Amino acid sequence: MPEGDTVWLAAKRLDRALAGKELVGFDLRVPQLATTDLTGSTVAAVVPRGKHLLTRFEGGPGDGLTLHTHFRMDGTWHLYPDGEAWRGGADWQVRAVLRVPGTTAVGYRLPVVDLVRTDDEDSVVGHLGPDVLGPGWDPDEAVRRLAEDPDRMIGDALLDQRLIAGLGNIYRTETCFLVGVTPFTPVGALAEHGTDLARVVTVGQRLLDANKDRYVQATTGDLRKGRNHWVFERRACLRCGTRVLTAHTGRAGVERVAWWCPSCQQGPAPEPVPVRELLPRTVGRTRYRP
């Protein structure tokens, strides 16, 4: 699943290419919206909300409507100048096509494609917690929501978009490392290990903010491959060299892999499981590159 900075960067590039321009082509290749045509409307803006994309329209048949999409695991948006071949996947994987003069935006493998009234956007994103990269970012509210269940593991809480919107597995893993606790530490026990929710929230927000304008996600300050993460997808801790341990977190069916350093991070932890038994494929930033 993409991190909030991936979605923020996609929204920025799509907005730059589409906003203020009239649609000369529009195609949603999902059954419930297959006959919808907003050609003639203007793209008002493309904005991120947590891990959701909201493309707003004005004028014409789409006046006051918003196209709501979500990447989840495999979704991606590509931008192509007129005449350039599409190369984001097979034709049957295309879910959305927005064409403006000179540019076509193509959404591949998008599992969520909805049209809602712009005034009703809360029906699809109103459940989200404070948006880490949003203009209305409220760290105090994020702390309040995270603190509501003191028995919950901090790693699971940071992935709950209803509590804090935007963090994914990379940043929850690296945030836990930087504050010195395992992802399995109960929220209410953070103080026992020398940290608190305010610091956790601050570190997580700073990591996403530092990466939102670039493709390479680095939590160490070093953009070189193999040096850009402390423990995420590493065999050994970048700081101390100790073997990084892995195990699942989360309820059955939606488990995520947790990485941690047993030397640098305090707190409880389960029996580790080799990552090859947990992860069928390498994970990381969604490859959208618009």
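These numbers come from a predicted model, not from an experiment.

Draft legend 1. Seen up close, the sheet that holds strand β3 (residues 52-58). Pairing in this open sheet of four strands is antiparallel, and the strands run β2-β3-β4-β8 from one edge to the other. Only two strands of the sheet have a single partner each, and these edge strands are β2 (42-49) and β8 (112-117). Recorded for the sheet is a direction-independent mean angle of 20° between the axes of neighbouring strands. The sheet contacts of helix α1 (residues 4-18) involve β2 and β3, and relative to β2 the element is tilted by about 170°.

Draft legend 2. Examining the pattern of salt bridges more closely. Evaluation of the coordinates by the stated rule reveals 13 salt bridges. Glu 84 serves as the salt-bridge partner of Arg 87, at 2.3 Å between the closest nitrogen and oxygen. Between Arg 144 and Glu 148 there is a salt bridge, with the nearest N and O atoms lying 2.8 Å from each other. Owing to a relative accessible area of 42%, Arg 144 belongs among the partly exposed residues under this scheme. Taking the relative accessible area as the measure of exposure, Glu 148 reaches 53% and is therefore exposed.

Draft legend 3. Structural context of the packing of helix α3 (residues 139-146) against helix α6 (residues 197-211). It is the contact of α3 with α6, at a shortest axis distance of 9 Å, that shows an interaxial angle of 125°. Of the possible angle classes, the one that applies to α3 and α6 is oblique. Here α3 runs over α6; the crossing is right-handed. Judged by residue contacts, Pro 139, Ala 142, Val 143 and Leu 146 of α3 engage Leu 197, Ala 198 and Val 201 from α6. Here the residues of the contact of α3 with α6 sort into seven nonpolar, no polar and no charged.

Draft legend 4. Up close: helix α5 (residues 169-179). Burial runs high along α5: 10 of the 11 residues are buried. Buried residues in α5 make contact with α1, α4 (154-159), α6, β9 (245-249) and β10 (256-260). Following α5 by one or two positions, Gly 180 adopts a phi angle in the positive range, close to 85°.

Draft legend 5. Molecular detail of the confidence of the model for the protein. Averaged over every residue, the pLDDT of the protein is 93; the share at 70 or more is 96%. Within the model, the stretch residues 281-290 combines pLDDT values under 50 with 39 contacts to residues more than four positions away or in other chains.

Draft legend 6. Structural context of the side chain of Asp 160. Inspection of the secondary structure assignment puts Asp 160 in the loop between α4 and α5. At 2.7 Å, the side chain of Asp 160 and the side chain of Arg 152 are in polar contact.

Draft legend 7. Expanded view of the sheet that holds strand β5 (residues 76-81). Spatial strand order, β1-β6-β7-β5: four strands in an open sheet with antiparallel pairing. Two strands close off the open sheet at either side, each with one partner strand: β1 (25-28) and β5. Strand-to-strand twist in this sheet, taken as the mean axis angle between neighbours without regard to direction, amounts to 15°. Examined bridge by bridge, strand β6 (residues 94-100) and strand β7 (residues 103-108) share six bridges and lie antiparallel to one another. Looking at the pairing, Ala 96 lines up with Gly 107 of β7.

Rules used in this analysis
- Numbers given for residues are sequential positions, taken from 1 along each chain in its written order.
- Totals for whole chains, interfaces and linings use every residue, but because this is a predicted model, local features are given only for residues with pLDDT of at least 70 and side-chain atom pairs only at 80 or more, for both listing and counting.
- For side-chain calculations, the full set of non-hydrogen atoms in the structure is used, while hydrogens and water are omitted.
- Being paired, for any two strands, means DSSP has found at least two bridges between them.
- Each helix is a run of H or I in the DSSP string that is no shorter than four residues. Each strand is a run of E no shorter than two, and both are numbered from the N terminus.
- In this analysis an axis means a line fitted to C-alpha atoms, helices contributing only their contacting stretch, and an angle means the value between N-to-C directions, from 0 to 180 degrees.
- What makes two residues a contact is simply this: any of their non-hydrogen atoms within 4.5 Å.
- Salt bridges are counted wherever a side-chain nitrogen of Lys or Arg sits within 4 Å of a carboxyl oxygen of Asp or Glu.
- For each residue, the accessible area found with a 1.4 Å probe, counting protein chains only, is set against the maximum for its type, and the residue is called buried under 20%, exposed over 50%, and partly exposed in between.
- Just so you know how the angles are binned, under 35 degrees is roughly parallel, over 145 roughly antiparallel, 65 to 115 roughly perpendicular, and the rest oblique.
- Note on convention: the crossing is left-handed when the near helix lies turned anticlockwise from the far helix by less than a right angle, right-handed when the turn is clockwise.
- We call Asp, Glu, Lys and Arg charged. Ala, Val, Leu, Ile, Met, Phe, Trp, Tyr, Cys and Pro are nonpolar, and the rest, Gly among them, are polar.
- The predictor attaches a confidence to each residue, called pLDDT, with possible values from 0 through 100.
- Each polar contact in these results corresponds to two N or O atoms within 3.5 Å; when the atoms are within protein, one needs to be able to donate a hydrogen and the other to accept it, and residues that are neighboring in sequence are counted only if both atoms are side-chain atoms.

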